[in-house]
Amino acid sequence: FKTIQAAGDTARDGDKILVAAGKYAPFASKNKSVVIQSASGAATTLIDGTDALRPRVEMLDDTDSTFISVNNKTNTVLVGFTVEHCELIIGGTIQRCVIRDIDARAGGAPINFSIVDNSLILNNLGCNGGAGDNCIFRNCTIVGNRATSGYRCVALNCVLENCIVCGNADNSSGTWPEWLRPM
């Protein structure tokens, strides 16, 4: 297949889609229990929304609801990609990825309703958290992200487990609020 979308459209539950190094458009994988994995890692396999009509990576279970519980995740797993220049990532499990330069100012956060493991979250912009909203981040590095409103410089309604968090800010003060400042 020439696109991740085409491979995902024909995939069945339990399939693994192995993606060659290169630059790909964002995709939607709704109600699919599949693994989408880079063959060579995040350094050489990019999902880039720069020229996309709908620059989103969507991995939702319930196509009728934009408000899903973090425990009600799709079984779509994204492994070993750099995702950049999109407006958001929603749903799914993200592993060993680099998520950078996502601009979610139109509404929301760069990553929404996802489980994110062993990934770098870098230089993203959102209005409801500079990194994520309703996510679980495990063993991630979250750096250089910015929220455009309030004190949500990193995340809104998220769980962070064993993460490195530094250099994130919100537009109102440009720094961490006192109650959230790392020790």
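Conventions adopted
Residues numbered from 1 in each chain as written. Predicted model: local features only at pLDDT ≥ 70, side-chain atom pairs only at ≥ 80, totals over all residues. Heavy atoms only, no water. Pairing = 2+ DSSP bridges. Helix = DSSP H or I, 4+ residues; strand = E, 2+ residues; numbered from the N terminus. Core = buried A, V, L, I, M, F, W, Y, C linked by side-chain atoms within 4.5 Å. Buried < 20%, exposed > 50% of the residue type's maximum accessible area, 1.4 Å probe, protein only. Contact = heavy atoms within 4.5 Å. Salt bridge = Lys/Arg side-chain N within 4 Å of Asp/Glu carboxyl O.

## Considerations on the sheet that holds strand 15 (residues 125-126)
Within a beta sheet, neighbouring strands are joined by backbone hydrogen bonds and run either parallel or antiparallel to one another.
Item 1. The four strands lie next to each other as 11-15-19-23, forming an open sheet whose pairing is parallel. The open sheet is flanked by strand 11 (103-104) and strand 23 (169-170), the only strands paired with a single partner.
Item 2. In terms of strand pairing, strand 15 meets strand 19 (residues 146-147) through two bridges, oriented parallel. Bridge pairing in strand 19 places Leu 125 opposite Arg 146.

## Some thoughts on the nonpolar core
Item 1. Judged by nonpolar contacts, the single largest core of 30 residues is most densely connected at Ile 36, Leu 78, Phe 81, Val 83, Ile 99, Ile 111 and Phe 137.
Item 2. Among the secondary structure elements, those contributing two or more residues to this core are helix 1 (4-10), strand 1 (16-19) and strand 5 (56-59).
Item 3. When sequence neighbours within four positions are dropped, the list of residues in contact with Ile 36 reads Ile 4, Ile 17, Val 19, Phe 27, Thr 76, Val 77, Leu 78, Val 79 and Phe 81.

## Concerning the pairing of strand 1
Item 1. Of the two faces of strand 1, the one lined by Ile 17 and Val 19 is fully buried and the one lined by Lys 16 and Leu 18 carries no buried residue.
Item 2. Note: strand 1 against strand 3 (residues 35-38), four bridges, orientation parallel. The residue bridging Leu 18 from the neighbouring strand is Gln 37, located in strand 3.

## Considerations on the sheet that holds strand 5
Item 1. Sheet architecture is open: five strands sit in the order 5-8-12-16-20, paired in parallel fashion. The outermost strands of the open sheet, each flanked by one partner alone, are strand 5 and strand 20 (155-156).
Item 2. Where strand 12 (residues 111-112) meets strand 16 (residues 132-133), two bridges bridge the pair, whose relative direction is parallel. Within the sheet, the bridge partner assigned to Ile 111 lies in strand 16 and is Gly 132.

## Description of the pattern of salt bridges
Item 1. Taken as a whole and assessed by the stated rule, the structure comprises five salt bridges.
Item 2. A salt bridge links Arg 56 to Glu 87, with the shortest nitrogen-to-oxygen separation between them at 2.5 Å. Taken together, the residues span a long stretch of sequence, with Arg 56 in strand 5 and Glu 87 in the loop between strand 7 (82-84) and strand 8 (88-91) at a distance of 31 residues.
Item 3. A salt bridge links Arg 138 to Glu 161; the nearest nitrogen and oxygen atoms lie 3.4 Å apart. Note that Arg 138 is positioned in strand 17 (residues 136-138) and Glu 161 in strand 21 (residues 159-161), a separation of 23 residues in sequence.
Item 4. You can call Arg 138 partly exposed: its relative accessible area is 27%.
Item 5. Shared partners join several salt bridges into a network, and the residues in it are Asp 117, Arg 138 and Glu 161.

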